[in-house]
Amino acid sequence: AMKMEKETKKDGGQAILESTKTKQILLEKESMEQKVRELQAELVKLNSRLEQANEGKKKAVKAVTAKKTEIEEEYPSKVTLEGDPEEEARIIEILKMMDEENKVKKAKAAAEAEKKREEEAKYVKSQKNIIDEKMTKGVEAAQAKAEVASKKKRTTKKKKSTVPKAKAKTSAKKKTVTKKAASSSIDDWTQLADSTLKRKTIAQLTEYLTEKGVSIEKSMKKADLLNAVKSL
């Protein structure tokens, strides 16, 4: 029985040991798999960078090969003759001629523009002179009309002022005649009939007697005044 118990314990220890080893192996396997995945991801990144570098290099090569000078673009078949002094001199002469032609064209365009500007300035000046002349004539005409209107106004005022004067003179003459007639009639009161003299008012009688130098008292009645007139 003791032997069987020992064997049972031995078998249980081996089982535990094997289980532990199995777990350790699984952990190591998982760790290795994780490292493999990380390495694969790093490899993908490196491949992507390598492709980008290759693309950039290709683009740079294309840009260098595609770039040309102005002379190569204008004379592509002539530039290939490298090392030919005569051809290079001819090209330089052609470029000089083109520059001269451009200068002449620019100078001609500038002269035409200046001429056009001068013509426009002359036209504007002439139009301005015409407008100024019209304005001057208009002002002169307005001034002439104003003077005529002012003269008419003054003439009308003179006529108006003359008419009242004539009327005043006429009325003055009428007043003088009336006054003279009145004075003559006043002078004749002593010869008036009693009925006519009685029709005179106290004020008229008082005024007549005062003009004749007769002193009038406040207590005097109309009958007293009539007697005073008759006694003159």
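**Points about the side chain of Glu 87**
Move 1: Mapped onto the secondary structure, Glu 87 falls in helix H4 (residues 85-187).
Move 2: Given the relative accessible area of 12%, Glu 87 is considered buried.
Move 3: Reaching out from Glu 87, the side chain makes a polar contact with the side chain of Arg 90 at a distance of 2.9 Å.

**Looking at the nonpolar core**
Most often, soluble globular proteins have nonpolar side chains that are buried together.
Move 1: If you look at the biggest cluster of nonpolar residues, it comprises nine residues: Trp 189, Leu 197, Leu 205, Tyr 208, Leu 209, Leu 225, Leu 226, Ala 228 and Val 229.
Move 2: Of all the secondary-structure elements, those providing two or more residues to this core are helix H6 (202-211) and helix H7 (222-230).
Move 3: When residues of this core are assigned to their parent elements, the largest contribution, four residues, is made by H7.

**Details of the packing of H6 against H7**
A packed helix pair is summarised by two numbers, namely the angle formed by the two axes and the spacing between the axes.
Move 1: Two elements in contact, H6 and H7, have axes whose closest approach is 10 Å; the angle formed by their N-to-C orientations is 35 degrees. The handedness of the crossing between H6 and H7 comes out as left-handed. For the pair H6 and H7, contact is made by Ile 202, Leu 205, Thr 206, Tyr 208 and Leu 209 and by Lys 222, Leu 225, Leu 226, Ala 228 and Val 229, respectively.
Move 2: Its residues assigned to classes, the contact of H6 with H7 comprises eight nonpolar, one polar and one charged.

**Structural notes on H6**
Move 1: All buried positions along H6 are accounted for by Leu 205, Tyr 208 and Leu 209. In an axial view of H6, the angular spread of the buried residues amounts to 95 degrees, which keeps them on one side of the axis. For H6, exposure combined with an orientation more than 90 degrees from the buried face picks out Ala 203 and Glu 211.
Move 2: Following H6 by one or two positions, Gly 213 adopts a phi angle in the positive range, close to 85 degrees.

**Section: H7**
Each turn of an α-helix holds 3.6 residues, which means side chains three or four residues apart point in the same direction.
Move 1: Regarding H7, the residues found buried are Leu 225, Leu 226, Ala 228 and Val 229. Buried residues of H7, seen end-on, are gathered within an arc of 160 degrees and therefore sit on one face of the element.
Move 2: Contact partners of the buried residues in H7: helix H5 (194-198) and H6.

**Re the environment of Lys 200**
Move 1: Among the secondary structure elements, Lys 200 is positioned in the loop between H5 and H6.
Move 2: Along the primary structure Lys 200 and Lys 222 are separated by 22 residues, whereas in three dimensions their C-alpha atoms are 9.4 Å apart.
Move 3: Among all residues touching Lys 200, those that are not within four sequence positions of it are Trp 189, Leu 192, Leu 205 and Lys 222.

**Focus: the pattern of salt bridges**
Move 1: In total, this model carries three salt bridges according to the counting rule given.
Move 2: A salt bridge links Arg 90 to Glu 87; the nearest nitrogen and oxygen atoms lie 2.9 Å apart. Of this pair, Arg 90 and Glu 87 both sit in helix H4, separated by three residues, roughly a single helical turn.
Move 3: Asp 194 serves as the salt-bridge partner of Lys 230, at 3.2 Å between the closest nitrogen and oxygen. With Lys 230 in helix H7 and Asp 194 in helix H5, this residue pair connects regions lying 36 residues apart in the sequence.
Move 4: Look at Asp 194 and you get partly exposed, because its relative accessible area is 43%.

**Considering the confidence of the model for the chain**
Move 1: Per-residue pLDDT for the chain has a mean of 77; in total, 71% of the residues score no lower than 70.
Move 2: The least confident element of the chain, judged by mean pLDDT, is helix H3 (residues 76-79) at 53; the most confident is H6 at 91.
Move 3: Overall, residues 177-186 carries pLDDT values under 50, and its contacts beyond four positions in sequence, including any with other chains, amount to two contacts.

Parameters at a glance
- Residues numbered from 1 in each chain as written.
- Predicted model: local features only at pLDDT ≥ 70, side-chain atom pairs only at ≥ 80, totals over all residues.
- Heavy atoms only, no water.
- Helix = DSSP H or I, 4+ residues; strand = E, 2+ residues; numbered from the N terminus.
- Buried < 20%, exposed > 50% of the residue type's maximum accessible area, 1.4 Å probe, protein only.
- Polar contact = N/O pair within 3.5 Å; in protein donor to acceptor, adjacent residues only side chain to side chain.
- Core = buried A, V, L, I, M, F, W, Y, C linked by side-chain atoms within 4.5 Å.
- Axes fitted to C-alpha atoms, helices over the stretch in contact; angles between N-to-C directions.
- Left-handed = near helix turned anticlockwise from the far one by under 90°.
- Contact = heavy atoms within 4.5 Å.
- Nonpolar A, V, L, I, M, F, W, Y, C, P; charged D, E, K, R; others polar.
- Arc of directions from axis to C-beta.
- Salt bridge = Lys/Arg side-chain N within 4 Å of Asp/Glu carboxyl O.
- pLDDT = per-residue confidence, 0-100.

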